[in-house]
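# Structural description and commentary
Residue strings, one per chain:
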Amino acid sequence: MATSVITQQIALGSAVPPLTPHAISVSLPTWEDNVGYEEGDKRVVDAMVSGYPRFFIHLSIRKLARVCEQKFGLPGEQAMLFPTRKIADSCRAFMFDRSSHQGTPVPVRLVQFIISPETPAAPSANSIELHIVLFPADAFSLAKQFWQHAGLGISSRLAEHCLAMLPAETPQPTTTPSPFPRNHFMKRASSNRHYAKSASNSSSALCAIPIQPPAADVLDSDHAMYLEERYGRNLPVEQAATAKRAMRRRIAGVLVRETPNDWAIAGSQEAELGPSTRGIAEVSEDDVFLYPSGMAAIWSAHQLALNTMPVAKSICFGFPYTDTLKILQKWGPGCHFLGHGLDKDIDELEQILEKELADHPDKPPALALFTEFPSNPLLRCADLPRLRALADKFNFLIVIDETIGNPINVEVLPYADVVVSSLSKVFSGDSNVMGGSLVLNPKGHHYSALKNYLAAAYEDSYYCEDATYMERNSRDFARRIRVIDINTEAVCDFLKSQSSVVKTVFYPKFVTSEHYLRCKTPGGRFGGLFSVTFHDMRVSKAFFDALPCHKGPSLGTNFTLACPYTVLGHYLELDWAAEYGVEEGLVRVSVGMEDQKVLLEGFEKALKVAVEAVKDQCC
């Protein structure tokens, strides 16, 4: 069933989708609103009650953090919340390391907080284990960097569960934005006796039955959960392990049947399994690892490389999503950045590797190469066979982010040691839950070392209620992708034909298409994302403002979603981004499932309005 093109923009700062308490996007409907967000404009910041979870900390999480600060903090301390001790330790280590480079190491304390139901008869498994990182308030920006880059903080559903179990006098989260400065919540160590005695580090503590507090404009938690499980498609939350197994099988491509009649048993022993459709028949569900966000999967892939391969610089090939590059720069010995990601850059890469090996013959020239297929936002694809040949010659890993291409359209696993993806995007589609995945290639040269390390070190921190929503959302992702792909190609063909106004349409059909086609699956198309630039910056702004679709961060939604990507992602480094072809006026569009005719009419109208607006300005 197609979604509808919107006829009126939802209010600035409201959740996208509307009336969704755990939405992962926010309405920034005009170009000016996006600039205001980046500049910390009070008009914009005060209006925001939602946002992308790694940049905007959900109101329920903020509320729970304040409770923890009041309970455990010293005067002047603030808190960041994580689901496991290991993650909290990683945050402390990051803050210590980064602050040491800047001067004096910041003091960081860890506290374990076990929250249990007040009812004495409630089973102990319903308890939640929180791990609190406490630090001086002026070090919040460091903690926020870890939250943003690693993507391992607690989820809003987990926070609401915790708040519901706290004593009744504890105030519930409100829709009033926090008074903290914008950079606290948005984009811009030794042993400690305060760390309480551990109860358990298993994931079971994260899978207690959720009890959500009421939120404005939505059903109360009991009714919402009942409707989802009884009349919706969600598995009962107690079956989170089954939901996760179903997702791992879906991602591994081993489910023989994916019809509505089979969805309920996809994670059970009754499900029929076959060879993987991922290009490597031997892939199984045991080669798939789930994470609470796509960036958590990328961060974990880098940690996996650091812990299994000889230490060396990583390689970032192509212009990536901003946090991928930050991870490679801030953890480990750094990275070689080849931001254009074109064939000539492979020639340069080979020269770098040869020189590194000549200068240090006793050390490996590289740790791992990270690349997106296609890249975000330029939709470029690398020559994967050439990169694979270099990896084999110089003995480094290849990590491919397939989020934008997705396994329905492209087959990249044969060229990779590790494939990562943000499940928050088209795998979910509903924009109401986060998740990520990491897949190992069982035919890779380093498979045994990678698998053995994960067998010992992997911990499941994916909150069970988030997993049940993600499993529900993902059941029909192959069908949705086909609708979205067809719509996207039609829109891109139209924009490509408007060369008098449109400068470039960045889309795999038109950009590095030979590399994309080499990896395209037999029934695959060109994906649901594109970017567009115009000959006149004023047209970019007017076109964006006139688009009859939701405007905000994220992509892969079932509805069309647009943003001025460079403004949102690189506002403080516009000149640097432009050096790699990421222009200030670039508009990125994730196309949805709307009726194609209506969708095309909307884009045509927006283009006409933009051209007329520029003409009026010239008169």
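Computed from a predicted model, the values in this text were never measured in an experiment.

Conventions and cut-offs
Residues numbered from 1 in each chain as written. Predicted model: local features only at pLDDT ≥ 70, side-chain atom pairs only at ≥ 80, totals over all residues. Heavy atoms only, no water. Pairing = 2+ DSSP bridges. Helix = DSSP H or I, 4+ residues; strand = E, 2+ residues; numbered from the N terminus. Axes fitted to C-alpha atoms, helices over the stretch in contact; angles between N-to-C directions. Contact = heavy atoms within 4.5 Å. Phe/Tyr/Trp six-rings, centres within 6.5 Å; stacked < 30°, edge-to-face > 60°. Buried < 20%, exposed > 50% of the residue type's maximum accessible area, 1.4 Å probe, protein only. pLDDT = per-residue confidence, 0-100. Parallel < 35°, antiparallel > 145°, perpendicular 65-115°, else oblique. Left-handed = near helix turned anticlockwise from the far one by under 90°. Nonpolar A, V, L, I, M, F, W, Y, C, P; charged D, E, K, R; others polar. Salt bridge = Lys/Arg side-chain N within 4 Å of Asp/Glu carboxyl O. Polar contact = N/O pair within 3.5 Å; in protein donor to acceptor, adjacent residues only side chain to side chain. Core = buried A, V, L, I, M, F, W, Y, C linked by side-chain atoms within 4.5 Å. Expected span 1.5 Å × (residues − 1).

Below, the discussion takes up the sheet that holds strand β10 (residues 397-401). The seven strands lie next to each other as β6-β12-β11-β10-β9-β7-β8, forming an open sheet whose pairing is mixed. Looking at strand neighbours, the two that pair on one side only are β6 (288-291) and β8 (335-338), the edges of this open sheet. The average angle at which neighbouring strand axes cross in this sheet is 20 degrees, direction not considered. Where strand β7 (residues 314-317) lies against strand β9 (residues 368-372), three bridges are found, and the strand directions are parallel. Each bridged residue has a counterpart across the sheet, and for Ile 315 the counterpart in β9 is Leu 369. The strands that helix α14 (residues 384-394) touches are β7, β9 and β10; relative to β10, the one it contacts most, it runs at about 150 degrees.

In this section: the sheet that holds strand β13 (residues 502-506). The mixed open sheet is built from five strands, whose spatial order is β13-β14-β17-β16-β15. For this open sheet the edge positions go to β13 and β15 (550-551), each flanked by a neighbour on one side alone. Inspection of the sheet shows β15 paired to strand β16 (residues 561-563) by two bridges, in the parallel sense. Residue pairing across strands places Lys 551 opposite Ala 562, the latter belonging to β16.

It is worth spelling out the packing of aromatic side chains at this point. Summed over the entire model, instances satisfying the criterion amount to 27 aromatic pairs. With a centroid separation of 6.3 Å and an interplanar angle of 50 degrees, the aromatic rings of Phe 530 and Phe 603 are classed as tilted. Taken together, the residues Phe 530 in strand β14 (residues 529-534) and Phe 603 in helix α23 (residues 596-618) connect sequence positions 73 residues apart. On the basis of relative accessible area, Phe 603 is assigned to the buried category, the value being 3%.

With 86% of its residues at a pLDDT of 70 or more, the protein chain shows a mean pLDDT of 89. Low pLDDT, under 50, characterises residues 170-221; the stretch is placed with 135 contacts to residues that sit more than four places away or in other chains. This model gives residues 226-231 a pLDDT under 50, and the stretch forms eleven contacts once residues within four places in sequence are excluded.

With their axes 9 Å apart at the nearest point, helix α4 (residues 85-102) and helix α5 (residues 140-150) run at an angle of 130 degrees to one another. Taken together, the axes of α4 and α5 lie oblique to each other. Once α4 is placed against α5, the crossing between them reads as right-handed. Between α4 and α5, the contacting residues are Ile 87, Ser 90, Cys 91, Phe 94, Met 95, Arg 98, Ser 99 and Gln 102 on the first element and Leu 142, Ala 143, Gln 145 and Phe 146 on the second. Looking at the contact of α4 with α5, its residues break down into seven nonpolar, four polar and one charged.

Locating Leu 600 in the fold gives a position in helix α23. In this structure Leu 600 comes out as partly exposed when scored by relative accessible area, which is 23%. Sequence separation between Leu 600 and Val 491 is 109 residues; the distance between their C-alpha atoms is 6.1 Å. Ignoring anything within four residues of it in the chain, the contact list for Leu 600 reads Ala 490, Val 491 and Phe 494.

In the segment running from Phe 373 into Pro 374, the intervening peptide bond is cis, with an omega of -10 degrees. The residue Pro 374 is located in the loop between β9 and α14 in this model. Following Asn 376, the chain continues to Pro 377 via a peptide bond in cis, the omega torsion being 20 degrees. Here Pro 377 lies in the loop between β9 and α14. Located in the positive-phi region is Leu 379, a residue other than glycine, with phi close to 55 degrees. If you trace the backbone, Leu 379 turns up in the loop between β9 and α14. Note on Leu 379: relative accessible area 0%, which makes it buried. Phi is positive for Asn 395, close to 60 degrees, though the residue is something other than glycine. Among the secondary structure elements, Asn 395 is positioned in the loop between α14 and β10.

Another point: the pattern of salt bridges. Side chains that differ in charge, positive against negative, can pair when their charged atoms come close. For the structure on display, the rule yields 36 salt bridges. The salt bridge involving Glu 258 is made with Arg 250; its shortest N-O contact spans 2.5 Å. With a relative accessible area of 30%, Glu 258 lands in the partly exposed category. Judged by its relative accessible area of 7%, Arg 250 falls in the buried class. What you see here is one network of salt bridges that share partners, running through Arg 250, Glu 258, Glu 471 and Arg 475.

The next thing to look at is the side chain of Arg 480. Mapped onto the elements of the fold, Arg 480 is located in helix α18 (residues 477-496). Arg 480 gets classed as buried once you look at its relative accessible area, which sits at 3%. Here the side chain of Arg 480 touches Asn 473 through a polar contact of 3.1 Å, landing on its backbone oxygen. Beyond its immediate chain neighbours, meaning those up to four positions away, Arg 480 contacts Val 426, Phe 427, Ser 428, Gly 429, Asn 473, Ser 474, Asn 558 and Met 593.

Turning next to the nonpolar core. Counting residues in hydrophobic clusters, the biggest one holds 101 residues, and the most contacted among them are Leu 64, Met 95 and Val 133. Ranked by residue count, the leading element in this core is helix α11 (residues 294-308), at nine residues. Residues contacting Met 95, with those up to four places away along its chain left out, are Val 106, Val 108, Val 133, Phe 135, Ala 139, Leu 142 and Ala 143. Ranked by size, the runner-up nonpolar core spans 81 residues in total, among them Ala 416, Ala 467, Val 532 and Leu 547.

A word on the environment of Gly 552. For Gly 552, the position within the fold is in the loop between β15 and β16. Accessibility expressed as a relative area gives 1% for Gly 552, which makes it buried. In this structure, the C-alpha to C-alpha distance between Gly 552 and Tyr 565, residues 13 residues apart in sequence, is 9.5 Å. Apart from residues lying up to four places away in sequence, Gly 552 is in contact with Ser 25, Val 26, Leu 561, Ala 562 and Cys 563.

Time to look at the environment of Ser 156. With respect to the helices and strands, the residue Ser 156 is situated in helix α6 (residues 156-165). Residue Ser 156 is classed as buried on the basis of its relative accessible area of 13%. Along the sequence, Ser 156 and Pro 53 sit 103 residues apart, while their C-alpha atoms lie 8.5 Å from each other. Ignoring anything within four residues of it in the chain, the contact list for Ser 156 reads His 22, His 58, Ser 60 and Ile 61.

This part covers helix α3 (residues 59-72). Taking 1.5 Å of rise per residue, the 14 residues of α3 would be expected to cover 20 Å, and the 20 Å separating its terminal C-alpha atoms lies within 8% of that figure. Counting buried positions along α3 gives ten out of 14 residues, so the element sits mostly inside the fold. Taken together, the buried positions of α3 are occupied by Leu 59, Ser 60, Ile 61, Arg 62, Lys 63, Leu 64, Ala 65, Val 67, Cys 68 and Glu 69.

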